[in-house]
Amino acid sequence: MDKTADIKKTIKLQSVFDVIHDIRMALGVTSVQHMEILLQVMMEEGRSQIEIARLVDMTAGQMATTIPRLRDKGVIDDYPVKGRTKAVDLTPKARRVRDNIKG
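Since this is a predicted model, take the numbers as computed values, not measurements.

(A) Seen up close, the nonpolar core. With 21 residues, the main nonpolar core has I23, L27, I37, L38, M63, V75 and I76 as its most contacted residues. When residues of this core are traced back to their parent elements, those giving at least two are α1 (3-27), α2 (32-43), α3 (49-55), α4 (60-72), β3 (85-90) and α5 (92-102). With five residues, α2 is the single largest residue contributor to this core.

Put into structure tokens, the structure is as follows:
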């Protein structure tokens, strides 16, 4: 890989880091695990907690304790969709942060 490609890759990685940092600061999310979940919800709202758990390599039990923490921070809402299955959406506050990043 040439030097120009390395520089472009570094700039792209720095941009990603800056976006993640901005989200963390704006929403007060400090845990990496919480951030992983939040980013998954930001990419696609309405997924089930089980689906998100699979995507971030967590158990259902871990999700059951983590989701309330994110709800208490005011960044996600969960709601029943079928039986005991719950889906997850962003709160209006978190949606505004996401939409401001998208431009």
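(B) Main features of the pairing of strand β2 (residues 76-82). Summarising the sheet, β2 and β3 pair through six bridges and their orientation is antiparallel. Within β3, the residue paired with K82 across the bridge is T85. Counted between consecutive antiparallel strands, the loop separating β2 from β3 contains two residues, among which G83 sits at a positive phi close to 60 degrees.

(C) A look at the sheet that holds strand β1 (residues 47-48). Across the sheet, three strands lie side by side as β1-β3-β2; this open sheet has antiparallel pairing. The sheet terminates laterally at β1 and β2, the two strands that pair on one side only. In this sheet, β3 lies alongside β1 in antiparallel orientation, the contact comprising two bridges. When the sheet's bridge partners are listed, R47 is paired in β3 with V88. Along the sheet, α2 makes contact with β1, β2 and β3, crossing β3 at roughly 80 degrees. Running over the sheet, α4 touches β2 and β3 and is turned about 130 degrees from β2.

Parameters and conventions
Residues numbered from 1 in each chain as written. Predicted model: local features only at pLDDT ≥ 70, side-chain atom pairs only at ≥ 80, totals over all residues. Heavy atoms only, no water. Core = buried A, V, L, I, M, F, W, Y, C linked by side-chain atoms within 4.5 Å. Buried < 20%, exposed > 50% of the residue type's maximum accessible area, 1.4 Å probe, protein only. Helix = DSSP H or I, 4+ residues; strand = E, 2+ residues; numbered from the N terminus. Pairing = 2+ DSSP bridges. Contact = heavy atoms within 4.5 Å. Axes fitted to C-alpha atoms, helices over the stretch in contact; angles between N-to-C directions.

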